[in-house]
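# Observations on chain architecture
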Amino acid sequence: MPVAPRESFSQPDPLLPDFVVYPNPAQNFVNLDLKDYLGEQLVITIYSPTGRQIQQQNIDRLDQAIVSLDLQGLAAGTYQIELRTTDHQQAKILIIRGH
């Protein structure tokens, strides 16, 4: 899947499918509720507070509504979770609390 350059955080478009990040703030893991994206090809990326890519997960075809991401080893701070499909991208803020 072609990947567009990363854009800055923006407000979600109400006409596009949304996703939910919980718990937020998080510690060891975070869940993404992606029910609006079932059957789609996705790229999930976590960026550090400095904008560096920390994690990336490629999903060829989403077959479950909830995706859990391991946050162990990440320092406390404000991160960005970006969700990209072939048609659009959205980002949400994730706050990681100290362990």
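Scope of this entry: the structure provided in the associated data block. Note that the coordinates shown come from a computational prediction; the quantities given were computed from them, not determined experimentally.

## What to know about the overall build of the protein
On a plain count of helices and strands, the protein comes out with 0 helices and 7 strands. Out of the 99 residues in the protein, the part that is buried amounts to 36%. For the protein, the share of sequence-separated contacts (at least 6 apart) that also reach a separation of at least 24 residues comes to 59%. Only carbon and sulfur atoms are counted for the fraction: they give 49% of the accessible area of the protein, which is about 5,800 Å².

## Looking at the side chain of Asp33
You can see Asp33 is positioned in strand β2 (residues 29–33). Within the structure, the side chain of Asp33 is placed 3.2 Å from the backbone nitrogen of Lys35, a separation counted as a polar contact. Those residues in contact with Asp33, other than ones at most four positions away along the chain, are Asp18, Phe19, Val20, Tyr22, Ala65 and Ile66.

## Details of the side chain of Gln90
Relative to the helices and strands, Gln90 resides in strand β7 (residues 89–96). Judged by its relative accessible area of 5%, Gln90 is buried. At 3.0 Å, the side chain of Gln90 forms a polar contact with the backbone oxygen of Pro17.

## As for the sheet that holds strand β6 (residues 77–84)
Reading across the sheet, the 4 strands line up as β4-β3-β6-β7 and stay open at both edges, with antiparallel pairing between neighbours. A single partner strand is all that each edge strand has here, and the edge strands are β4 (53–59) and β7. Taken over all neighbouring pairs, the strand axes of this sheet differ in orientation by 15° on average, direction set aside. With 6 bridges connecting them, strand β3 (residues 42–47) and β4 associate as antiparallel partners. The residue of β4 that forms the bridge with Ile46 is Gln55.

## Some thoughts on the pattern of salt bridges
Considering all chains together, one arrives at 3 salt bridges under this definition. The closest approach of N and O atoms between Asp18 and Lys92, which form a salt bridge, is 3.0 Å. Remark: Lys92 occurs in strand β7 and Asp18 occurs in the segment before β1 (20–22); sequence separation between them is 74 residues. Taking relative accessible area as the criterion, Asp18 reaches 33% and is therefore assigned partly exposed. A salt bridge links Asp33 to Lys35; its shortest N-O distance comes to 3.6 Å. Among the residues examined, Lys35 registers a relative accessible area of 52% and is labelled exposed.

The rules behind each value
- Residues numbered from 1 in each chain as written.
- Predicted model: local features only at pLDDT ≥ 70, side-chain atom pairs only at ≥ 80, totals over all residues.
- Heavy atoms only, no water.
- Helix = DSSP H or I, 4+ residues; strand = E, 2+ residues; numbered from the N terminus.
- Buried < 20%, exposed > 50% of the residue type's maximum accessible area, 1.4 Å probe, protein only.
- Contact = heavy atoms within 4.5 Å.
- Areas by Shrake-Rupley, 256 points an atom, 1.4 Å probe, with all protein chains shown as cover.
- Polar contact = N/O pair within 3.5 Å; in protein donor to acceptor, adjacent residues only side chain to side chain.
- Pairing = 2+ DSSP bridges.
- Axes fitted to C-alpha atoms, helices over the stretch in contact; angles between N-to-C directions.
- Salt bridge = Lys/Arg side-chain N within 4 Å of Asp/Glu carboxyl O.

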